[in-house]
Amino acid sequence: MADQQQDGQAVRGAAGGDEALGYEQARDALLEVVRQLETGGTSLEESLALWERGERLAKVCQRWLDGARARLDAALAAEESADG
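Calculation notes
Residues numbered from 1 in each chain as written. Predicted model: local features only at pLDDT ≥ 70, side-chain atom pairs only at ≥ 80, totals over all residues. Heavy atoms only, no water. Core = buried A, V, L, I, M, F, W, Y, C linked by side-chain atoms within 4.5 Å. Buried < 20%, exposed > 50% of the residue type's maximum accessible area, 1.4 Å probe, protein only. Helix = DSSP H or I, 4+ residues; strand = E, 2+ residues; numbered from the N terminus. Contact = heavy atoms within 4.5 Å. pLDDT = per-residue confidence, 0-100.

**Student:** Which parts of the structure should I look at to understand the nonpolar core?
**Tutor:** Grouped burial of nonpolar side chains is what soluble globular proteins tend to show. Within the largest apolar cluster, 8 residues are counted, these being Leu-21, Ala-26, Ala-29, Val-33, Leu-50, Leu-57, Val-60 and Cys-61. Elements that contribute at least two residues to this core include exactly α2 (23–39) and α3 (44–83). When residues of this core are assigned to their parent elements, the largest contribution, 4 residues, is made by α3. For Val-33, the residues in contact, after removing those within four places along its chain, are Leu-50, Arg-53, Gly-54 and Leu-57.

**Student:** What is the right way to look at the confidence of the model for the protein in this model?
**Tutor:** In low-pLDDT regions, the fine details of the predicted coordinates are not to be read closely. Per-residue confidence for the protein averages 86 on the pLDDT scale, and 81% of its residues sit at or above 70. Of all secondary-structure elements in the protein, the lowest mean pLDDT belongs to helix α1 (residues 2–14), at 46, while α2 reaches the highest, 98. Predicted confidence is poor over residues 1–13, with pLDDT under 50, and the contacts of this stretch with residues over four places away or in other chains come to 9 contacts.

Next up, the structure:
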């Protein structure tokens, strides 16, 4: 039971720093959240906290991917205008 309480505290404590993670860090943390949810054995409250953290991590990953797409699109547009 003490382990579950510590896990729940770790989930809640990590929430504030998720926004500062790089893509690979956020992806790895999201994979760990999914693993914990699939394994089970957590209380409803802990499962909800994990789910919420997973949602935040997924948004961080999506922002990184959107930024990468925008950079690629800009580079391609610049190349086309230079060729044009």
